[in-house]
Amino acid sequence: NYSHINGSIRRALRSVAGRKKADDSLVQVNWNAKSKASNEEEVDELELPAEWLEHVDGLLWRQELVNLRLNKAVNKKKLARRLGERVASSLGAHVAQSVGHTALLYRPGIPPILNLEELAVTVDESSDSNNES
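Residues numbered from 1 in each chain as written. Predicted model: local features only at pLDDT ≥ 70, side-chain atom pairs only at ≥ 80, totals over all residues. Heavy atoms only, no water.

A. Inspection of helix α3 (residues 50-63) at higher detail. Taking 1.5 Å as the rise per residue, α3 with 14 residues should run 20 Å; its terminal C-alpha atoms sit 20 Å apart, in good agreement. Among all positions of α3, only W52, L53, V56, G58, L59 and L60 are buried. Buried-residue contacts for α3 involve β1 (27-30), β2 (65-69), α4 (77-91) and β4 (102-106). Looking one or two residues beyond α3, the residue adopting positive phi is E64, at roughly 75°. (Helix = DSSP H or I, 4+ residues; strand = E, 2+ residues; numbered from the N terminus. Expected span 1.5 Å × (residues − 1). Buried < 20%, exposed > 50% of the residue type's maximum accessible area, 1.4 Å probe, protein only. Contact = heavy atoms within 4.5 Å.)

B. Molecular detail of the side chain of N67. Along the chain, the position of N67 falls in strand β2. Separated by 3.1 Å, the side chains of N67 and Q28 make a polar contact. For N67, the residues in contact, after removing those within four places along its chain, are L26, V27, Q28, V29, T102, A103 and L104. (Polar contact = N/O pair within 3.5 Å; in protein donor to acceptor, adjacent residues only side chain to side chain.)

C. Seen up close, the packing of α3 against α4. Closest axis-to-axis distance for the α3/α4 pair is 11 Å, and the angle between their directions is 70°. On the basis of the axis angle, α3 is roughly perpendicular to α4. Each of W52, L53, V56, D57 and L60 in α3 lies in contact with α4, whose residues at this interface are V87, S90 and L91. For the contact of α3 with α4, the per-class residue count stands at six nonpolar, one polar and one charged. (Axes fitted to C-alpha atoms, helices over the stretch in contact; angles between N-to-C directions. Parallel < 35°, antiparallel > 145°, perpendicular 65-115°, else oblique. Nonpolar A, V, L, I, M, F, W, Y, C, P; charged D, E, K, R; others polar.)

D. Inspection of the pairing of strand β3 (residues 94-99) at higher detail. Of the strand pairs in this sheet, β3 and β4 are connected by five bridges, and their pairing is antiparallel. Residue pairing across strands places V95 opposite L105, the latter belonging to β4. Between β3 and the antiparallel strand that follows it, β4, lie two residues; G100 among them carries a positive phi value of about 60°. (Pairing = 2+ DSSP bridges.)

That's the geometry; what it means functionally is another story.
This is the structure in structure tokens:
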């Protein structure tokens, strides 16, 4: 259950992902199945490859943040969001962000790597100081 993830925490997760992407440490996974969906019904029926899901699952346990690149699975951005939500749901993860044909998934590891409350406070404080200048 990710009901505790609010806007501040999502912003913090996006901030962490941005820093990781800048230093090339954000794990990115491409859709590698041959199937492609062109409408919502096809996205809902799209087979999620077991090996691919297991790979993403393992990465989430180790990294907590994984960026899915879904441009080979769907041709519309709103379908990428829907597919990202399906993948997240099947893995017990949360879609922290959906931009274009990508979906940023978050799921805490055991033990957790990221302290969400601390990150949210840090991001809020830095945005407050940016607004003051």
